[in-house]
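# Close look at the chain arrangement
The residues making up each chain are set out below.
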Amino acid sequence: MPNIDLHSHSTISDGVLSPSHLLAHAAVRGVNVLALTDHDDVAGLSEASRSAQQENITLIRGVEISVTWHGRTLHILGLGINPEHPPLTEGLKKIRDGRMDRARAIAAQLDKFGIYGSFEGASAQAGTSRLIGRTHFARFLVSQGYARNVKSVFKKYLVKGKPGHVSHVWVSLDEAVGWIRGSGGQAVIAHPARYKLSNDLLEQLLCEFRELGGAGIEVVSSSHTPEQTRQFAALATRMNLYASCGSDYHGPGESYFDLGRLPALPPECTPIWNKWEIPDYAETGATILNERSEQTGLQSPGKSV
Ligand code: AMP
Ligand code: MN
Ligand code: MN
Ligand code: MN
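Below or above, wherever it landed, is the structure these notes cover. Along every chain, residues carry numbers that run from 1 in the direction the sequence is written. The order in which chains are written sets their letters, starting at A; the order in which ligands are written sets their numbers, starting at 1. The model is predicted, so local features are restricted to residues of pLDDT at least 70 and side-chain atom pairs to those at 80 or more, both for listing and for counting; the totals for chains, interfaces and linings are taken over all residues. As a convention, hydrogens and water are excluded, and side-chain values are obtained from all of the structure's heavy atoms.

### Things to note about the site of ligand 1
Rules: Proximity criterion: a residue is near a molecule or strand once any of its heavy atoms comes within 4 Å of it. Under the convention used here, a 1.4 Å probe and the Shrake-Rupley method define accessible areas, while residue burial counts only the protein chains that appear. Gly is placed with the polar residues, together with every amino acid not listed as nonpolar (Ala, Val, Leu, Ile, Met, Phe, Trp, Tyr, Cys and Pro) or charged (Asp, Glu, Lys and Arg).
Taken together, the residues surrounding ligand 1 are D14, H39, R99, R102, G133, R134, T135, K151, F154 and H250. Compared with its free state, where it exposes 500 Å², ligand 1 has 82% of that area covered by protein. Among the residues forming the shell around ligand 1, the class breakdown is one nonpolar, four polar and five charged.

See the structure below:
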């Protein structure tokens, strides 16, 4: 069984590792199939493809699109997309432009609370990334001593009801699923438990999503408890949706799950990769793990995968 991780971020959005460092880390962790799913941008996929070949990893070209549905923010993953599909690239550009306006509004809010220079600070954290996200604000605020880590700075400053929160309208579910499907990809609802939807609203979302041609939901995610994994496995099966699994890796120290350390999908699930052509990776994971850990000096878990 190959080691599959279908949700990860690089410096192109709010991850810590460049696409090539991400792929090198994935190889150390014994990942065979990795989706790079940066927020609202596909600019990391060409570098990631080149590194994937060197690392003997199957790269799934992906994206994580920010959507507003019934006044809530949802994240929709596109897996197996064509990153050159014009409606997709133009749509993502529109979202990134909106992020810039939101970033200025967040900075203006923080100004009112006596926290100055956060637009410049977040931009510096974003580095070469073409978008600014709350994570970049969070890293700036941590660097200024406002909280100990990214997790707690979110709670204190960046979520609803807190000084740096600005509500924002992203794109519609219809648009996001349409761009993904139009580019030949499969749409997957990321970390569904994070949205805290009532059962009725969740049912409505899944029905709408399926009618739009959505393919699956993330069942195994670092955002899910084991109980939530079981709940979403049952829901995916009942709704006839594929199940996906992803660590939502953002970098060392910023994610609950390291790459390649995901629990298996519950047995009743139909994996999203069911009809994908995946090379036979039997036994290769351990070889890559051992070779690469010596070369990179990154810590290996010490046993084969
Ligand atoms: P944005 O799309 O700019 O609103 O930022 C969303 C990103 O912020 C997510 O993808 C996570 O990387 C990060 N994030 C959201 N909520 C939290 C939280 N409570 N703690 C840490 N990171 C978070
Ligand atoms: Mn993120
Ligand atoms: Mn997300
Ligand atoms: Mn993500």
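Back to the write-up after that little detour.
### Notes on a positive patch on the surface
Heads up, the condition is: Like-charged residues are merged into a patch within 9 Å and nonpolar side chains (Val, Leu, Ile, Met, Phe, Trp, Tyr) within 5 Å, provided each residue has over 30% relative accessible area and no salt bridge. Counted as salt bridges are all cases of a side-chain nitrogen of Lys or Arg within 4 Å of a carboxyl oxygen of Asp or Glu. In this count, Lys and Arg are taken as positive residues and Asp and Glu as negative ones, while His and the chain termini are left out. For the purpose of locating charges, the reference atoms are NZ of Lys, CZ of Arg, CG of Asp and CD of Glu. Here a strand is any run of E in DSSP of at least two residues, a helix any run of H or I of at least four, and the numbering for each starts at the N terminus. Note on exposure labels: buried denotes an accessible area under 20% of the residue type's maximum, exposed denotes more than 50%, and partly exposed covers the range between, all computed with a 1.4 Å probe on protein chains only.
Taken together, K151, K155, R194 and K196 make up a surface patch of like positive charges. Locating K151 in the fold gives a position in helix α6 (residues 150-158). Here K151 falls in the exposed class, since its relative accessible area comes to 52%.

### Side note on the coordination of the manganese ion (ligand 3)
Just so we agree on the cut-off: For Na, K and Ca the donor cut-off is 3.2 Å, and for all other metals it is 2.8 Å, counting N, O and S atoms only; because water is absent from this set, sites may look incomplete.
Looking at the manganese ion (ligand 3), the protein donor atoms are E64 (OE), H75 (ND1) and H191 (NE2), and they sit 2.1 to 2.2 Å from it. Between the manganese ion (ligand 3) and the manganese ion (ligand 2), a spacing of 5.6 Å is present. Of the two residues, E64 is situated in strand β3 (residues 58-69) and H191 in the loop between β5 (186-189) and α8 (199-211); the sequence distance between them amounts to 127 residues. Note on E64: relative accessible area 0%, which makes it buried. When its relative accessible area of 1% is taken as the criterion, H191 is described as buried.

### A few points about the pairing of β3
Operational definition: At least two bridges found by DSSP between two strands is the condition for calling them paired.
Where burial is concerned, most of β3 is hidden: eleven out of the twelve residues are buried. Relative to β3, strand β2 (residues 33-36) is paired through four bridges, and the arrangement is parallel. Across the sheet, L36 pairs through a bridge with R61, a residue of β3. The pairing of β3 with strand β4 (residues 72-79) spans eight bridges and is classified as antiparallel. From the neighbouring strand, W69 faces β4, where its bridge partner is R72. Once β3 ends, the chain turns through two residues before running back antiparallel as β4, passing H70 with a positive phi of about 50°.

### Re the coordination of the manganese ion (ligand 2)
Note the cut-off: Four donors are marked tetrahedral only if all angles between them lie between 85 and 135 degrees, whereas four are marked square planar and six octahedral if opposite donors are more than 155 degrees apart and the other angles lie between 65 and 115; the remainder are marked irregular.
Protein coordination at the manganese ion (ligand 2) comes from D14 (OD), D14 (OD), H39 (NE2) and H250 (NE2), with a distance range of 2.2 to 2.8 Å. Coordination at the manganese ion (ligand 2) comes from six donor atoms whose angles at the metal span 51 to 158°, giving a geometry best classed as irregular. Read in sequence order, the donor residues coordinating the manganese ion (ligand 2) give the pattern D-x24-H-x210-H.

### As for the pairing of β5
Definition in use: Seen with the strands pointing away from the viewer, any crossover whose path from the first strand over the helix to the second strand runs clockwise is right-handed.
Judged from the four bridges that link them, β4 and β5 form a sheet pairing that is antiparallel. Residue pairing across strands places L77 opposite V188, the latter belonging to β5. Examined bridge by bridge, β5 and strand β6 (residues 216-221) share two bridges and lie parallel to one another. When the bridges of β6 are listed, I189 appears paired with I217. With respect to chirality, the unit in which β5 leads through α8 into the neighbouring parallel β6 is right-handed.

### Let's talk about the sheet that holds β2
For clarity, the cut-off: When checking whether two residues touch, look at their non-hydrogen atoms; a contact exists if any pair is within 4.5 Å. Here an angle of 0 to 180 degrees is reported between the N-to-C directions of two axes, which are lines fitted to C-alpha atoms, with helices fitted over the stretch in contact.
Strand order in the open sheet formed by seven strands is β1-β2-β3-β4-β5-β6-β7, and the pairing between neighbours is mixed. Only two strands of the sheet have a single partner each, and these edge strands are β1 (4-5) and β7 (242-246). Taken strand by strand, helix α1 (residues 19-28) contacts β2 and β3, and its axis lies near 155° from that of β2. Where helix α9 (residues 226-238) meets the sheet, it contacts β6 and β7, and its direction lies at approximately 160° from that of β6.

### Focus: the packing of aromatic side chains
Aromatic rings in a pair are described by how distant their centres are and how their planes are angled relative to each other. Applied cut-off: Each Phe, Tyr or Trp ring (for Trp, its six-membered ring) is paired with any other whose centre lies within 6.5 Å, and the angle between the two planes then decides the class: stacked below 30 degrees, edge-to-face above 60, tilted in between. Two conditions define a charge located above a ring, namely a distance within 6 Å from the ring centre to NZ of Lys or CZ of Arg, and an angle within 35 degrees of the ring normal.
Tallied over the entire structure, the rule returns one aromatic pair. Both rings, one in Y146 and one in Y157, keep their centres 5.8 Å apart while their planes meet at 80°; by these two values the pair is edge-to-face. Linking Y146 in the loop between α5 (134-143) and α6 with Y157 in helix α6, this pair joins segments that are eleven residues apart in sequence. Here Y146 falls in the partly exposed class, since its relative accessible area comes to 27%. Over the face of the ring belonging to F119 we find R104, whose NZ or CZ atom lies 4.0 Å from the ring centre.

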